[in-house]
Amino acid sequence: MAGVMEQHGFQRFFRQRGVLPGFGLTLGITLAYLGIMVILPFAALMGFVTTGTQGWQVLHEPRVWAAIRLSIGGALIAAFIDAVLGLVTAWVLVRYQFPGRRLLDALVDLPFALPTAVSGIALTTLFAPNGWLGGWLHHLGVQVAYTQVGILVALVFIGVPFVVRAVQPAIEDLDPEWEEAATSLGAGRWATFRRVLFPALWPSVLTGFAMAFARAVGEYGSVIFIAGNLPNRTEIAPLLIVIKLEQYDYHGAAVIATVMLLSSLGVLLAVGALQNWSQPWQKAATA
Amino acid sequence: MASFECVSLDLPDVTGIAMGKNGDVPEGSVQRRARPATWSWTSVALTGIVIVFLGTFLVLPLIVVFVEAFRQGVRVYLAAISDPEALTAIKLTLCVAVMALTINTGFGLAAAWCLGKFRFPGRQLITALIDLPISVSPVVVGLLLVLVYGRHGWLGGFLESHGLRIIFATPGIILATAFVTLPLVARELIPTMEAQGTEQEEAARLLGANGWQVFFYVTLPNIRWALLYGVVLCTARAMGEFGAVSVVSGHIRGLTTTLPLHVEILYNEYRFSAAFAVASLLTLVGLVSLVAKTFLERIAHQQRIGLKHKGA
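Note that the structure is predicted; figures quoted are calculated from it, not measured.

A look at the overall build of chain B
Part 1 of the reasoning: The number of helices and strands found in chain B is 14 helices and zero strands.
Part 2 of the reasoning: Along chain B, helices and strands appear, N-terminal first, in the series α-α-α-α-α-α-α-α-α-α-α-α-α-α.
Part 3 of the reasoning: The buried share among the 312 residues of chain B stands at 44%.
Part 4 of the reasoning: Sequence separation of 24 or more characterises 70% of the internal contacts of chain B that already satisfy a separation of 6 or more.

This is the structure we're talking about:
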């Protein structure tokens, strides 16, 4: 059925615009490349998940389950911290003028630009018990590096730009007159934030949250150095995939990877549904 | 306006925006009154939080890299980056980055041409497939390649019997890098090509230009900044990729270690200064890409304004 519709679509399309050349060639290249690079590997993933006799048995291993829980739980907490601090950061960068603002604004993308291995060793050195911040925190009795807190630090670090860059345009679109109107109607600061600003900004905050989460669940390079990698305690799911692969357990690795992919897909879909449900007019506006 | 001022005077100043100031601005020029004329308690506190947050999480790690790199002096630094293993890692990294960049630029141009200039069924699906690699964990990318090309993977046995080795060899590293950077050029080009429409190309075609002439003389000059932007993002990411490359490289010293893997090896051998020296090279690449990004974004912004003025 889909094929038939596609054919009609193609016929109509070719009748309408025959002037520009190269459609067949470029579409062919695109599809061939995507087929080899994206579709074939994902088909192999599905193949390895569904074949084999153990099914999803690997998830019952306590070590695997602990790692998945740590990765998903850590990513949720880190994405939440990013959402709060990212919103504040975006607000300050858009609305306030202070020396160094443009520099900070450009630096927000640093976690994107810095190779993850470099951020990993830099954060570890910074937060190690003898590091600049770690030593200071050590005196307060807080150990960051080689604990779950350290994992959280790395995950917050790599998630920052997702929220800030998602929220910044929304704040730029926000007319300050809304806040003035709220104030002139007698709203205090908190009420203005809760009733006027937050409803306008939270869809973009949610988008940033979901993207930070999706990135954090699978993050590897910046985490493994600071994590300590103790089984059941500070071992993240991606590291367990690496370990399974070293043991040639392709099926087990594929199952863990599928759970990770499904969790990011789940959060992305949930956030999309939440946005559509809460702001039906936005959908109409963008459509 | 005057009455508004009277009301607003006895109210608290929300988010640090001073309202009275606008009284003497003529109506027409009321733009974004975004910048506070006076600093309120809230704005100072929020700015303080942001400076501490970004300072701890972004600025300090950056400083740590360079301080640690030069901790044992310039001589150790130079020795670390001119070490034969480091040099082969640099060579391999550049080679892989150039390969991935070439492949993905070709793909990005092709994808942007068919998706940006034409409407056809299935277009959304292809766009979604192009975006997919961004949200896949680097380690999962490595896993996917092992499942296809590894010894026990779908094609691994067949390729090995023909003497082709992909996993634990350079082709695997190139594939992994190309996968994680796949969308970067295409994503910049597709919206740009779409926004520019097809009128100029159609005109060139009707004036007798052939397909390649249309592309090189009409399309390419129009998309050059977006293309450059995509190339910068792609190169920086390709040189720094760690997780995906780590899974498929096998860490064969002097053969399949890229710069980030070399950093890992040095760090795990407690040669911290050397690790940070090599890391500082990658950091410089990252910083250059940030500067280029800021610069190119400004150009893109100005172009958009220019287009708007032309349209008006």
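With respect to the interface of chain A and chain B
Part 1 of the reasoning: Taken together, the contact pairs 83 residues of chain A with 90 residues of chain B.
Part 2 of the reasoning: With 15 residues, the top contributor of residues to the side of chain A that touches chain B is helix α2 (residues 23-50) of chain A.
Part 3 of the reasoning: Residue classes in the side of chain A that touches chain B are distributed as 61 nonpolar, 16 polar and six charged.

A word on the nonpolar core
Part 1 of the reasoning: Core analysis: the largest hydrophobic core is formed by 173 residues, its most contacted members being A:Val163, A:Ile256, B:Leu143 and B:Val278.
Part 2 of the reasoning: Viewed by domain, this core spans two of them, domain 1 (2-57) and domain 2 (73-311) of chain B, each represented by three or more residues.
Part 3 of the reasoning: Beyond its immediate sequence surroundings of up to four residues, B:Val278 is in contact with B:Ala80, B:Ile81, B:Ala86, B:Leu259, B:His262, B:Val263 and B:Leu266.

Quick notes on helix α6 (residues 138-149) of chain B
All names here are of chain B.
Part 1 of the reasoning: Its 12 residues place the ends of α6 17 Å apart at the C-alpha level, agreeing with the 16 Å of an ideal helix rising 1.5 Å per residue.
Part 2 of the reasoning: For α6, the tally of buried residues reaches 12 of 12 residues, placing the bulk of the element in the interior.
Part 3 of the reasoning: All of the buried residues along α6 are Pro138, Val139, Val140, Val141, Gly142, Leu143, Leu144, Leu145, Val146, Leu147, Val148 and Tyr149.

Points about unusual backbone geometry
A negative phi angle is the norm for most residues apart from glycine, just as the trans form is the norm for most peptide bonds.
All names here are of chain A.
Part 1 of the reasoning: Its identity as a non-glycine residue notwithstanding, Asn229 has a phi of 55°, on the positive side.
Part 2 of the reasoning: Relative to the elements of secondary structure, Asn229 occurs in the loop between α11 (221-227) and α12 (237-246).
Part 3 of the reasoning: For Asn229, a count of 17 C-beta atoms within 10 Å corresponds to the partly exposed category.
Part 4 of the reasoning: Here the phi dihedral of Tyr248 falls at roughly 60°; this positive angle occurs in a residue that is not glycine.
Part 5 of the reasoning: Mapped onto the elements, Tyr248 comes out in the loop between α12 and α13 (250-278).
Part 6 of the reasoning: Residue classification places Tyr248 among the partly exposed residues on the basis of 13 C-beta atoms within 10 Å.

Quick notes on the packing of helix α10 (residues 199-206) of chain B against helix α11 (residues 211-240) of chain B
All names here are of chain B.
Part 1 of the reasoning: Direction vectors running N to C along α10 and α11 enclose 140°, while the axes themselves pass 10 Å from each other. Judged by the inter-axis angle, α10 sits oblique to α11. Handedness of the α10/α11 crossing: right-handed. Counted together, Gln200, Glu201, Ala204 and Arg205 of α10 and Val214, Tyr217, Val218 and Thr219 of α11 form the full contact between these two elements.
Part 2 of the reasoning: By residue class, the composition of the contact of α10 with α11 is four nonpolar, two polar and two charged.

What counts and how
- Residues numbered from 1 in each chain as written.
- Chains lettered and ligands numbered in written order.
- Predicted model: local features only at pLDDT ≥ 70, side-chain atom pairs only at ≥ 80, totals over all residues.
- Helix = DSSP H or I, 4+ residues; strand = E, 2+ residues; numbered from the N terminus.
- Buried ≥ 20, exposed ≤ 12 C-beta atoms within 10 Å, placed from the backbone.
- Contact = placed C-beta atoms within 7 Å.
- Nonpolar A, V, L, I, M, F, W, Y, C, P; charged D, E, K, R; others polar.
- Core = buried A, V, L, I, M, F, W, Y, C linked by C-beta atoms within 7 Å.
- Domains from an automatic or database assignment.
- Expected span 1.5 Å × (residues − 1).
- Axes fitted to C-alpha atoms, helices over the stretch in contact; angles between N-to-C directions.
- Parallel < 35°, antiparallel > 145°, perpendicular 65-115°, else oblique.
- Left-handed = near helix turned anticlockwise from the far one by under 90°.

Geometric descriptors of this kind do not, in isolation, establish any biological role.
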